Amino acid sequence: MASSNPFASILKTLEKPGGGEFGKYYSLPALGDPRIDRLPYSIRILLESAIRNCDEFQVKAKDVEKIIDWENSSPKQVEIPFKPARVLLQDFTGVPAVVDLACMRDAMNMLGGDSNKINPLVPVDLVIDHSVQVDVARSENAVQANMELEFQRNKERFGFLKWGSNAFDNMLVVPPGSGIVHQVNLEYLGRVVFNREGILYPDSVVGTDSHTTMIDGLGVAGWGVGGIEAEAAMLGQPMSMVLPGVVGFKLSGKLKDGVTATDLVLTVTQMLRKHGVVGKFVEFYGQGMSELSLADRATIANMSPEYGATMGFFPVDHVTLQYLKLTGRSEETVSMIESYLRANNIFVDYSQPQVEKVYSSCLELNLEDVEPCMSGPKRPHDRVPLKEMKADWHSCLDNKVGFKGFAIPKESQSKVVEFSFHGTPAQLRHGDVVIAAITSCTNTSNPSVMLGAALVAKKACELGLEVKPWIKTSLAPGSGVVTKYLEKSGLQKYLNQLGFNIVGYGCTTCIGNSGDLHESVGSAISENDMVAAAVLSGNRNFEGRVHPLTRANYLASPPLVVAYALAGTVDIDFETEPIGLGKDGKQIFFRDIWPSTEEVANVVQSSVLPEMFKATYEAITQGNPMWNQLSVPSSILYTWDPNSTYIHDPPYFKSMTMSPPGPHGVKDAYCLLNFGDSITTDHISPAGSIHKDSPAAKYLMERGVDRRDFNSYGSRRGNDEIMARGTFANIRIVNKLLKGEVGPKTIHIPSGEKLTVFDAAMRYKSEGQDTIILAGAEYGSGSSRDWAAKGPMLLGVKAVIAKSFERIHRSNLVGMGIIPLCYKPGQDAETLGLTGHERYTIDLPSSVSEIKPGQDITVVTDNGKSFTCILRFDTEVELAYFDHGGILQYVIRNLIAGKQ
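These notes cover the structure that comes with them. These numbers come from a predicted model, not from an experiment.

Below, the discussion takes up the overall build of the protein chain. Summing up its helical and strand segments, the protein chain has 32 helices and 34 strands in all. On C-alpha atoms alone, the protein chain measures out to a radius of gyration of 27 Å, which is about the 29 Å that the 2.2 N^0.38 rule sets for 900 residues. Principal-axis analysis of the C-alpha atoms places the extent of the protein chain at approximately 85 × 80 × 55 Å. Looking at the 900 residues of the protein chain, the share that counts as buried comes to 63%. Of the contacts formed within the protein chain by residues at least 6 apart in sequence, a portion of 76% connects residues at least 24 apart. Total accessible area on the protein chain stands at roughly 31,500 Å², and carbon and sulfur atoms take up 50% of it. With 87 positive and 102 negative side-chain charges, the protein chain shows a spacing of 1 Å between the two charge centroids.

On to the sheet that holds strand β8 (residues 199-202), then. Taken in spatial order, the four strands make up an open sheet running β1-β2-β8-β7, and their pairing is mixed. Looking along the sheet, the strands with just one partner apiece sit at the ends: β1 (11-15) and β7 (193-196). Adjacent strand axes in the sheet meet at a mean angle of 40°, parallel and antiparallel pairs treated alike. Contacts from helix α1 (residues 41-52) reach β2 (21-26) and β8 within the one sheet, and its direction differs from that of β8 by about 145°. Relative to β2, helix α12 (residues 331-343) is tilted by about 35°, and along the sheet it contacts β1, β2, β7 and β8.

As a further point, take the side chain of D786. Within the secondary structure, D786 is located in the loop between β29 (771-774) and α28 (787-794). For D786, the residues in contact, after removing those within four places along its chain, are P96, G227, I228, E231 and N812.

Here the focus is the environment of P120. Here P120 lies in the loop between α4 (91-110) and β5 (124-127). As a C-alpha pair, P120 and P469 span 349 residues in sequence and 49 Å in three-dimensional space. Ignoring sequence-local partners within four residues, the contact set of P120 consists of F168, D169, N170, M171 and M234.

Before going further, it helps to spend a moment on unusual backbone geometry. That bond from G376 to P377 is cis: its omega, 10°, falls within 30 degrees of zero. In this structure, P377 sits in the loop between β16 (373-375) and β17 (383-385). Despite not being glycine, E197 has its phi angle at roughly 50°, a positive value. Assignment of secondary structure puts E197 in the loop between β7 and β8. Judged by relative accessible area, E197 falls into the exposed class, the value being 81%.

Bringing the sheet that holds strand β13 (residues 281-285) into the picture now. Spatially, β14-β13-β12-β15 is the arrangement adopted by the four strands of the open sheet, whose pairing is parallel. A single partner strand is all that each edge strand has here, and the edge strands are β14 (311-313) and β15 (361-366). If you compare each strand with its neighbour and ignore which way they point, the axes differ by 20° on average. Two strands pair when backbone bridges link them, and β13 and β14 are joined in this way by three bridges, in the parallel orientation. For V282, the partnering residue across the bridge sits in β14 and is G312.

Attention now moves to the packing of aromatic side chains. Tallying each qualifying case throughout the model produces 29 aromatic pairs. Consider the rings of F284 and F314, whose centres lie 4.4 Å apart with planes at 5°: the pair is stacked. Taken together, the residues span a long stretch of sequence, with F284 in strand β13 and F314 in the loop between β14 and α11 (318-326) at a distance of 30 residues. For F284, a relative accessible area of 1% corresponds to the buried category. Residues F419 and W470 carry aromatic rings whose centres are separated by 5.8 Å and whose planes lie at 75° to one another, so their mutual orientation is edge-to-face. With F419 in strand β18 (residues 416-421) and W470 in the loop between α15 (447-463) and β21 (472-475), the pair connects residues that are 51 residues apart, well separated along the chain. For the pair F419 and W470, one class covers both residues: buried. The lysine or arginine in question, R44, covers the ring of Y41, its NZ or CZ lying 4.6 Å from the ring centre.

With that out of the way, let us pick up the pairing of strand β19 (residues 424-429). Pairing geometry for β18 and β19, over six bridges, is antiparallel. Paired with S420 across the strands is P425, a residue of β19. Connecting the antiparallel pair β18 and β19 is a turn made up of two residues, with H422 showing a positive phi of about 50°.

If you trace the backbone, F882 turns up in helix α31 (residues 876-884). Residues F882 and L813, 69 residues apart in the sequence, show an inter-C-alpha distance of 9.9 Å. F882 has contacts with G662, P663, H664, G817, I819, L844 and F873, leaving out every residue within four places of it along the chain.

Further remarks concern helix α25 (residues 695-702). Taken together, the buried positions of α25 are occupied by P695, A696, A697, Y699 and L700. Just downstream of α25 lies G704, where phi reads positive at about 75°.

Before going further, it helps to spend a moment on α4. Turn by turn, an α-helix covers 3.6 residues, leaving residues three or four places apart pointing in a common direction. The end-to-end C-alpha distance of α4, which contains 20 residues, comes to 28 Å, matching closely the 28 Å that a straight helix rising 1.5 Å per residue would cover. Within α4, 17 of the 20 residues are buried, which leaves it mostly tucked inside the rest of the structure. The opening residue of α4, the one whose side-chain oxygen lies 2.8 Å from the backbone nitrogen of F92, is Q90. Once α4 finishes, G112 follows within two positions and takes phi at roughly 85°, a positive value.

Moving on, we get to the side chain of D432. On the secondary structure map, D432 appears in the loop between β19 and β20 (433-438). Within the structure, D432 has its side chain in polar contact with the backbone nitrogen of R429 (distance 2.9 Å). Apart from the residues lying within four places of it in its own chain, the contact partners of D432 are Q427, V531, A532, A533, G568 and T569.

Scanning all chains against the criterion turns up 44 salt bridges. Taking the shortest distance from any N to any O, the salt bridge between D392 and K404 comes out at 2.8 Å. Of the two residues, D392 is situated in helix α13 (residues 389-398) and K404 in the loop between α13 and β18; the sequence distance between them amounts to 12 residues. A relative accessible area of 18% means that D392 is categorised as buried. For D874, the salt bridge goes to R810, with nearest N and O atoms at 3.4 Å. You can see D874 sitting in the loop between β34 (866-871) and α31 and its partner R810 sitting in helix α29 (residues 807-815), a full 64 residues away along the chain. On the accessibility criterion, D874 (28% relative accessible area) is partly exposed. The buried category is assigned to R810, whose relative accessible area is 8%. A single salt-bridge network, built from bridges that share partners, covers D33, R35, E65 and D69.

Thresholds, definitions, all that
Residues numbered from 1 in each chain as written. Predicted model: local features only at pLDDT ≥ 70, side-chain atom pairs only at ≥ 80, totals over all residues. Heavy atoms only, no water. Helix = DSSP H or I, 4+ residues; strand = E, 2+ residues; numbered from the N terminus. Rg over C-alpha atoms; globule rule 2.2 N^0.38 Å. Buried < 20%, exposed > 50% of the residue type's maximum accessible area, 1.4 Å probe, protein only. Contact = heavy atoms within 4.5 Å. Areas by Shrake-Rupley, 256 points an atom, 1.4 Å probe, with all protein chains shown as cover. Lys, Arg positive; Asp, Glu negative; His and termini not counted. Charge placed at Lys NZ, Arg CZ, Asp CG, Glu CD. Pairing = 2+ DSSP bridges. Axes fitted to C-alpha atoms, helices over the stretch in contact; angles between N-to-C directions. Phe/Tyr/Trp six-rings, centres within 6.5 Å; stacked < 30°, edge-to-face > 60°. Lys NZ or Arg CZ within 6 Å of the ring centre and 35° of its normal. Expected span 1.5 Å × (residues − 1). Polar contact = N/O pair within 3.5 Å; in protein donor to acceptor, adjacent residues only side chain to side chain. Salt bridge = Lys/Arg side-chain N within 4 Å of Asp/Glu carboxyl O.

Next comes the structure, spelled out in structure tokens:
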């Protein structure tokens with residue numbers, strides 16, 4: 001069991017500059033170990049956490065040594081425990097997390113334990129930002145109208161979260177309409193340095209949203225984890241992780257005039273994807289750092305999931321301290337942060353000579369080489385320089401169907417569809433923009449690009465340009481501060497004039513909450529098989545995510561979103577073709593409306609002020625009238641409503657006993673689905689609309705829910721019965737068992753019948769048959785989504801065999817007791833001649849002590865094939881979870897055992 005901290009001797013007092021003390025801290029310099037001076041800053045944060053939490057039980061002195069010896073130990077893939085300082089949730093992932101906590105309280109009760117032990121031990125902040133949809137756009141009243149609809153649809157979920165904020169300790173819920181979780185984290189929640197019970201330590205956070213990494217721009221170590229891991233972290237379990245390699249990314253020079261932070265992040269994303277940074281930290285350094293505002297750093301850190309890194313880390317320096325002051329943090333707080341980080345050698349002072357840090361590998365970028373660009377049409381790392389956009393678009397029309405192809409026959413590429421919009425004649429061509437959205441945490445927290453977009457709007461309005469009325473334009477800021485500085489600058493009116501009225505404060509279009517397109521536009525697209533485009537300032541553009549009817553989706557900076565809305569098409573060369581005609585019939589070009597870097601900087605300087613942040617965040621916890629009127633029970637155990645279609649008591653612990661079930665192999669399993677590469681969590685567990693012919697729709701209609709009240713899958717994540725039916729329900733999913741047909745169906749192998757995935761899975765389950773999934777590379781990439789693991793588990797999937805897994809998704813599968821296996825390098829289903837019609841047996845020892853992380857496992861099929869896979873339980877702790885049937889069962893049994 002736990003003992004006292006062996007590092008108590010390095011606990012020092014931090015003096016205040018003017019006398020008195022801030023508190024005590026574990027001093028890294030006091031260890032007197034020269035290896036620490038060479039460690040990357042991101043690794044020093046892991047080191048401090050291990051020292052402070054060392055109890056020779058959850059965290060051992062040998063773990064501390066592994067981290068100090070990072071230079072030698074990290075290439076060996078050693079495992080370390082990490083206890084983050086806090087946990088961050090948004091409502092899509094937060095609802096199932098609170099459902100699980102409520103359900104764990106019931107399980108504790110059932111097994112004779114103390115329900116009150118299920119309580120967060122670290123601060124948990126939950127920001128409700130994923131529920132607002134763009135039902136109403138291009139209207140002065142859009143914010144209010146969308147919020148009323150949001151509350152109508154989500155009243156039950158919101159009431160449940162409000163119950164949770166009262167029932168659990170240490171839980172702050174930030175109400176709807178306040179902003180996007182990562183921007184609120186950056187501007188308000190981020191502590192940078194904690195001072196709890198007289199001990200100072202660096203802020204660190206894990207979040208149930210993959211873009212939690214945005215906070216890395218503030219020098220706070222943070223990354224996305226599955227909801228299941230986050231729940232364990234809340235309950236005081238250390239997270240088990242492989243000590244990561246750190247890629248040093250050196251920045252030099254400065255951005256050319258007119259180049260934006262978005263252009264920079266898309267360039268960095270492409271470079272890092274190519275370099276290969278999965279499972280690694282990326283740490284930025286170099287003289288170019290002084291040219292990057294904190295908002296620019298946050299934009300780069302935000303897209304870590306898109307380049308594949310665990311973190312994109314910017315150590316704290318003078319720029320960070322200035323930003324903390326700008327955002328209304330008190331002088332005293334900023335003084336404490338600087339004093340602590342300097343004392344513990346975690347502060348970068350560029351005015352001092354720099355000690356050479358050691359990195360696992362290095363990359364370099366001269367900021368002057370960055371050029372305007374976008375990414376698309378289907379993946380965030382498929383960057384297209386702006387000057388090549390037209391040519392690239394035409395090659396996408398020609399290319400065979402794929403990430404860069406739509407296979408539109410030459411003769412129909414110039415097809416024009418005539419339709420009528422509110423009685424006005426209208427036309428649609430391939431590549432026409434139907435959605436233009438300034439959206440997402442990546443960009444709306446950055447005043448330069450937001451005010452840059454507003455300046456484009458101003459110039460366009462003054463020249464007499466307009467946006468076609470059938471293009472769905474929207475502006476969804478990440479916090480109320482954005483509205484304040486757009487108003488102060490006097491530029492919001494120009495955005496409104498072009499249809500970019502504010503629609504709400506939340507993720508909106510970036511996560512697929514784009515609302516419906518006008519019926520006439522939707523029919524013109526679907527009836528004529530047109531490739532319509534969305535241009536958004538988001539971070540993800542996978543197929544079927546932004547809107548079911550936009551097959552081409554381009555990520556772009558907010559000012560480019562405005563430019564493409566004005567042009568009305570992505571099939572344009574901005575260098576040589578006019579964007580449109582001005583009031584006197586004169587041709588207006590891109591260069592006529594694009595602001596210079598200096599123009600943007602001047603507006604930022606005069607319009608973005610500390611009072612705005614203070615005023616916004618003083619009001620934030622007061623909520624709004626709709627939130628404050630929700631009445632909720634005050635019980636510590638939740639009273640489940642059997643008729644609720646939003647919140648349902650899940651079956652995870654129903655038959656649980658105190659003894660672990662032990663490891664399970666797989667015998668004669670059928671293949672439920674056979675996939676190729678790049679199956680994302682959007683394919684596995686869609687967040688968007690519930691299709692009218694899907695099993696989930698059938699379930700809702702049977703319970704009297706009207707189609708217009710279906711809401712989205714994301715909003716119904718508190719109901720396991722809907723989420724199981726929504727698993728593999730993406731309309732664009734490609735399953736090789738269907739021989740080329742696209743959609744959420746599969747073949748029930750024994751009968752040869754074609755069924756929905758849910759119906760096939762239920763038939764296998766009722767017949768007592770195990771199932772597995774075959775997959776290609778990067779299985780589970782995209783948003784961190786615990787339902788992408790919970791769903792398959794509820795469908796009866798026992799193992800997934802893939803070429804490679806995305807980091808968070810693999811750990812989520814482990815957390816739900818599903819076996820992740822990787823083919824040996826160079827092998828996959830194709831090379832092994834697997835069709836998915838075989839039956840699969842995976843033999844595992846019956847005692848967990850006989851299984852080793854990463855060991856070879858033999859898979860045998862009923863038609864005589866045998867091949868070796870790597871067992872992707874990567875740590876001893878993951879094997880313990882598997883032994884217990886899952887991470888939550890492990891936590892419950894441990895909490896009860898700790899009581900005895």
